[in-house]
Amino acid sequence: MAMAPSVQRPRFNPSNSSCVSDVRPLHHDIPSLRNSDSSTLHFRFQSLVSCPADVPLELFEAAVSQLIHHPEYNSTLILRSETISDSDTTIPTSAPCLEGYCPVRNVHRKLLPRRPGRDLGLEQHCTLYAFETGEFAGLPSMLVLTPLVPEGESLPYYHPTVSHLAFRFIPSKITTTSDSASAQPALRIEAIPLPGTPTDPNSRLYRTALALLDTLHRYLWGALTHYQKRVQHDVLVPREIYQDVYLKMRERHKGIVNTWRETTDPLKHVFEDIGIATFLMLFWKDTFTASADLADVKELGDSRWTSWPRPSGGFLDLGCGNGLLTHILSAEGYSGYGIDLRARTSWAHYPDSSQAALKVHALDPTQLISPDSSNNVRQILWEPGVFLIGNHADELTPWLPVLATLTGASGYLSIPCCAWMFDERFTRSSATSGLDFFDNEFLDAATGVVSSEAEDEAAFISSLGMGAEGTHKSQYSAYRIWLARLSRRERLPGDQSIFVDRARRIVEDVVRRGAFKTRTPEGKGPDGAS
């Protein structure tokens, strides 16, 4: 099956059953699927759309496995699928008996909607078929999706209005009624539409089939070229657990959209901050041990997380802006503060508990090496074991790992936006200045040995999951790498005095340059004039 992949994926070149492709002829002479059971003569598949297949048949099963296990990639209305069973021996009676094919595997899955209050879930059989005879006998070459609709119910909106949907790989050497030795292998989507369902090129069913065919074409090329995702997601928090908790959190806080007091888009800010809060809650749950006093926390509705572990020093949201993230965490029973240079309109409309957690405060990181014991605000905010949050914290973004190291924080979350170094805008030419104090040394995480040799750039970037190719194509990617280098050196295991000393040297170097300026708080606040 060796086949040399091209440098670029072949163009997706679809055609419907009435069109002729501008490449080598497709198998339009091959009849649509037919049922081999004479008792169900009404069973008719209709060919919807096809395209050239530029890969060997052996890759078909790997490609359609992506379709089976990740339907959410094809529809924004689907959250994910859950596999109920996967068998190569038990084939359900609802799977069609097709002439010339034999079923070889069946995956019983359940589709979960992204909006369960609007759409219902749906069980579905995903049946793989192979040719019964011939050169390709036994090789999976077709996938048929069969929705299982309970009596009296209808298909949810996110599912095409069909009783069966087939993804078919047609090899070039298949026997046909005409001479097609030069015909190109083809991919074809066929379906049994429900009564009254239009199938013309302007119909929803046709457009859905076209999109699915494009996806399959892309997956096959990925299988041929051994494509691997550049970035690994869901490493710290499992995707399924996150999604389930997020849906609950969304229902609890979606009303904020209707009471939004800022001029910014509530649909963006509200649901984004609900997602960040959900991630933090689950991350803290798996990171910290439960405190003894959590049993006294009042249950909040039907939530399960009032007894979840959390940082012992609470959280500190640096540059909290509209304060929404601080409000959501506070409303869910998490203690902490959000600080910003000025109070926003939203602050006064949150509950009293959330208002008490929002502070007008101008943070000066350069003062942390000699903290002012008379500053009560600083003592309140910097509880031992505090967890730092930097969500679009601008100038404070690079300070997060330094602050975490100097204050003994339990951890931090950084979501960078504008590219800042410690006391100036980030540029590629100045990217090394913030790391000069390392003297090209780094600590090997496996051995704990400090090396005097510079770390291999490609290997480090690969460890970030960003891919070595095109590493510095953008300013922002270079900035993320710079932040990752800084964070990694600050948080490696070993003698923590090494990292504390280096963090202090960063602050001392910033103080020596004298370029860092703390902004003046605006309006009324704990350390700002009215």
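Here we summarise the structure given alongside this text.

Basis of the calculations
- Residues numbered from 1 in each chain as written.
- Predicted model: local features only at pLDDT ≥ 70, side-chain atom pairs only at ≥ 80, totals over all residues.
- Heavy atoms only, no water.
- Buried < 20%, exposed > 50% of the residue type's maximum accessible area, 1.4 Å probe, protein only.
- Helix = DSSP H or I, 4+ residues; strand = E, 2+ residues; numbered from the N terminus.
- Contact = heavy atoms within 4.5 Å.
- Pairing = 2+ DSSP bridges.
- Right-handed = clockwise from strand over helix to strand, strands pointing away.
- Core = buried A, V, L, I, M, F, W, Y, C linked by side-chain atoms within 4.5 Å.
- Axes fitted to C-alpha atoms, helices over the stretch in contact; angles between N-to-C directions.

Turning next to helix α1 (residues 60-69). For α1, the full list of buried residues reads F60, A63, V64, S65, L67 and I68. Looking at the buried positions of α1, the neighbouring elements they touch are β3 (78-87), β4 (101-113), β5 (122-131), β6 (140-148), β7 (162-170) and α2 (204-224).

Counted residue by residue, strand β10 (residues 336-340) has four buried out of five residues, so it is predominantly covered. Across four bridges, the pairing between strand β9 (residues 315-318) and β10 is parallel. By the bridge assignment, L318 is partnered in β10 with I339. Remark: the β9/helix α5 (residues 324-331)/β10 crossover connection has right-handed handedness. Two strands pair when backbone bridges link them, and β10 and strand β11 (residues 358-360) are joined in this way by three bridges, in the parallel orientation. Each residue of the ladder has a partner; that of G338, found in β11, is L358.

The next thing to look at is the nonpolar core. One broad rule of soluble globular proteins: the nonpolar side chains tend to lie buried together. If you look at the biggest cluster of nonpolar residues, it comprises 48 residues, and the most contacted ones within it are F167, I189 and L216. Broken down by element, this core gets its largest block of residues, 11 residues, from α2. Ignoring anything within four residues of it in the chain, the contact list for I189 reads Q46, S47, L48, V49, L165, A166, F167, A209, L212 and L213. Within the second largest apolar cluster, 33 residues are counted, among which are I256, I274, L325 and W347.

Another aspect to go through is the sheet that holds strand β13 (residues 411-415). With parallel pairing, the five strands of this open sheet are ordered in space as β11-β10-β9-β12-β13. Across the chains shown, the open sheet's two edge strands, defined by having one partner strand only, are β11 and β13. Going from strand to strand, the sheet's axes swing by 20 degrees on average, the running direction of each strand aside. Both β9 and strand β12 (residues 387-391) contribute to a ladder of three bridges, which runs parallel. Of the residues in β12, the one forming a bridge with L316 is L388. On top of the sheet, α5 reaches β9, β10, β11 and β12; it is set at about 165 degrees to β9, its chief contact.

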